[in-house]
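# Working through the structure, step by step
One-letter residues, chain by chain:
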Amino acid sequence: QVQLVESGGGLVQAGGSLRLSCAASGSIFSINTMGWYRQAPGKQRELVAGVTRGGSTNYADSVKGRFTISRDSAKNTVYLQMNMLKPEDTAVYYCNADGVLTSPPFTHDSYWGQGTQVTVSS
């Protein structure tokens, strides 16, 4: 199976930057997309940014222009560069890898990291 290891969270002042990393390991899962989600207290989990194996990206409107997602497909690693951070970005950030099994029945599956806390102070 796939395991996701996240790093890079922490405390930062408004206007600062953080870079999150997530490495996926495993040999039975073909990853189609990787992404970052976040969940703030009292809020539902939401997509922040996603990237396909070919490099196509999409972003939540709230982070567009400030965050950049990138992926090293060969290493199954995804990054989230977060610039111009705002207090409203405070949340637990989760890495996600989505794909299919590499053996029959080739079913879809999705894996999640443990989450890393990002706190932005004003």
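A short tour of the structure in this document, coming up. Because the structure is predicted, anything quoted here is derived from the model rather than measured.

The tally for this structure, following the rule as stated, stands at three salt bridges. Arg-38 is the partner of Glu-46 in a salt bridge, and the nearest nitrogen-oxygen pair spans 2.9 Å. By sharing partners, the salt bridges in this structure join Arg-38, Glu-46, Arg-66 and Asp-89 into a single network.

With that settled, the discussion passes to the state of the cysteines. Applying the stated criterion across every chain, the model contains one disulfide. Here Cys-22 is linked by a disulfide to Cys-95, with a sulfur-sulfur distance of 2.0 Å. Handedness of the Cys-22-Cys-95 disulfide follows from its S-S torsion of about -85°: it is left-handed. Of this pair, Cys-22 sits in strand S3 (residues 18-25) while Cys-95 is found in strand S9 (residues 91-101), placing the two residues 73 residues apart along the sequence. Across the pair, Cys-95 and Cys-22 agree in class, each one buried.

Definitions and limits used
- Residues numbered from 1 in each chain as written.
- Predicted model: local features only at pLDDT ≥ 70, side-chain atom pairs only at ≥ 80, totals over all residues.
- Heavy atoms only, no water.
- Salt bridge = Lys/Arg side-chain N within 4 Å of Asp/Glu carboxyl O.
- Disulfide = S-S within 2.5 Å.
- Helix = DSSP H or I, 4+ residues; strand = E, 2+ residues; numbered from the N terminus.
- Buried < 20%, exposed > 50% of the residue type's maximum accessible area, 1.4 Å probe, protein only.

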